Amino acid sequence: MDKDGKTQFWTLNVASFLGQMSINMVNLALVYHLRYTLSWSAAMVGLAASTYTGLYLVCNLLLGRFWQRMRPVASLCLSLCGMAASAVLVTFSSAVPIIFLLLVLYGFFMSMLWPQMEAWITRDAEGAELNKLTSAFNFSWSFGTAVSPYLTGWLVASSPALGLRTAAAVFVLVAIVLSLVTALTPRMRAARAESEHIRTRQEGDGVDHSTPLRYDSWAAVFIVYTALSVVLNIFPMHCTDTGLFDETVSGALLLARGLATCLCFVWLGRTHFWQFKAWMIYLMEGFFVLTTFIFSPVTGLAGNALYLCIFGMIFAFCYSFSIFHSAAGALDRGRRMVIHECVLTTGQVIGASFGGTIYEGMGYRNVLVALAAMGLVLIALQFLVRAIVSRRSV
């Protein structure tokens with residue numbers, strides 16, 4: 001990797017780390033701000049969380065091709081600044097319609113970020129290089145996810161609004177640094193829009209060699225993101241509502257989960273046994289169902305810490321399945337990353353909305369039981385589809 005390549009590698013991964021850290025700061029600080037500063041119900045908090053993730057999904061579906069016409073750096077910087085403005089403005093209003101409008105804008109601007117980032121990072125890479133790039137990216141954003149709950153827990157103990165404003169400041173800082181580094185680095189400055197890059201590859205007789213394992217991988221990432229939404233949004237609220245743990249302890253538990261994910265991503269980046277193997281995908285989904293059901297009645301500190309760490313490792317496998325098998329052999333990686341993001345976002349929306357409703361009426365234990373049941377149904381559907389496809393191909 002040449003000097004410009006290393007500069008791009010480190011810049012995009014640092015931006016991924018800080019960007020995801022700030023996004024998770026907004027997610028958690030928003031829960032505390034709406035629930036305890038504005039006294040919203042748990043169901044309303046879940047609806048709010050599903051609003052911006054839902055808009056993120058809709059905008060990716062409707063505007064994904066349009067964002068690909070923009071240069072990656074322009075899309076990323078506009079996204080970061082737009083999210084910063086939306087997050088700050090939430091702290092200055094108590095009107096429900098205005099807050100929901102700002103959350104709509106937040107989701108709109110977020111849709112410009114991750115598909116473009118992922119397509120830029122993996123551009124033209126295959127095999128060992130693709131594994132290295134995706135694993136570094138996975139570690140970067142997951143480390144941001146890991147440290148953000150602890151940092152946010154410390155900030156919201158003073159003021160939930162402080163957490164939102166701090167996240168906005170980091171968004172702006174990342175946009176400024178990304179713009180400056182791009183201007184000073186020829187390779188990054190020359191990066192064309194993803195649509196133009198794809199057209200050039202197609203004109204050069206590029207052939208698509210995508211793997212069908214992407215479909216099973218998308219099912220796996222869907223279920224773990226449904227659970228992640230519950231863990232990041234419902235679990236802290238459950239801890240505070242029941243007096244189980246305070247903000248600092250729940251933040252430390254979420255930090256442990258995130259660190260477990262990070263360490264697993266590092267290991268997966270150095271191994272290859274999990275690639276292009278359907279049985280590994282089914283195995284991890286099965287582990288998720290089993291552990292979530294077994295730990296659903298647990299209320300102690302050690303039990304919650306153990307479950308969150310196990311979930312963190314399962315999550316790392318399922319996310320790696322999705323991003324690697326989405327990109328491997330694909331000609332139009334921008335489109336594949338849009339699908340990858342849409343699937344995981346659908347999981348987030350379902351986790352936040354249905355999780356909040358179930359929690360409000362039936363408690364946190366039943367939220368976990370519902371997640372385990374959903375995972376079991378999904379595995380059954382995958383085996384059914386696989387059996388139908390196999391019979392038709394005979």
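Keep in mind that what you see is a predicted model, and the values were worked out from it rather than measured.

Cut-offs and rules
- Residues numbered from 1 in each chain as written.
- Predicted model: local features only at pLDDT ≥ 70, side-chain atom pairs only at ≥ 80, totals over all residues.
- Heavy atoms only, no water.
- Helix = DSSP H or I, 4+ residues; strand = E, 2+ residues; numbered from the N terminus.
- Rg over C-alpha atoms; globule rule 2.2 N^0.38 Å.
- Buried < 20%, exposed > 50% of the residue type's maximum accessible area, 1.4 Å probe, protein only.
- Contact = heavy atoms within 4.5 Å.
- Areas by Shrake-Rupley, 256 points an atom, 1.4 Å probe, with all protein chains shown as cover.
- Lys, Arg positive; Asp, Glu negative; His and termini not counted.
- Charge placed at Lys NZ, Arg CZ, Asp CG, Glu CD.
- Expected span 1.5 Å × (residues − 1).
- Core = buried A, V, L, I, M, F, W, Y, C linked by side-chain atoms within 4.5 Å.

Caption draft 1: Highlighting the overall build of the protein chain. Along the backbone of the protein chain there are 15 helices and 0 strands. On C-alpha atoms alone, the protein chain measures out to a radius of gyration of 20 Å, which is about the 21 Å that the 2.2 N^0.38 rule sets for 394 residues. Seen along its three principal axes, the alpha-carbon backbone of the protein chain occupies a region of about 60 × 55 × 35 Å. Expressed as a percentage of the 394 residues in the protein chain, the buried residues total 59%. Of all intrachain contacts in the protein chain linking residues separated by at least 6 positions in sequence, the fraction that spans at least 24 positions is 87%. When the accessible surface of the protein chain is totalled, it reaches about 15,800 Å², and 69% of it is carbon and sulfur. The positive charge centre, built from 25 side chains, and the negative charge centre, built from 19, are 2 Å apart in the protein chain.

Caption draft 2: View of helix α14 (residues 333-362). Under the 1.5 Å per step criterion, the end-to-end length of α14 is 42 Å for 30 residues, consistent within 8% with the ideal 44 Å. Count one or two residues on from α14 and you reach G363, which has phi positive near 95°.

Caption draft 3: Region of interest: the nonpolar core. Ranked by size, the top nonpolar core spans 121 residues in total, and within it M83, F288, F311 and Y319 carry the most contacts. With 18 residues, helix α10 (residues 213-242) is the single largest residue contributor to this core. Y319 has contacts with E118, F137, N138, W141, V221, Y225, F265, H340, E341 and L344, leaving out every residue within four places of it along the chain.

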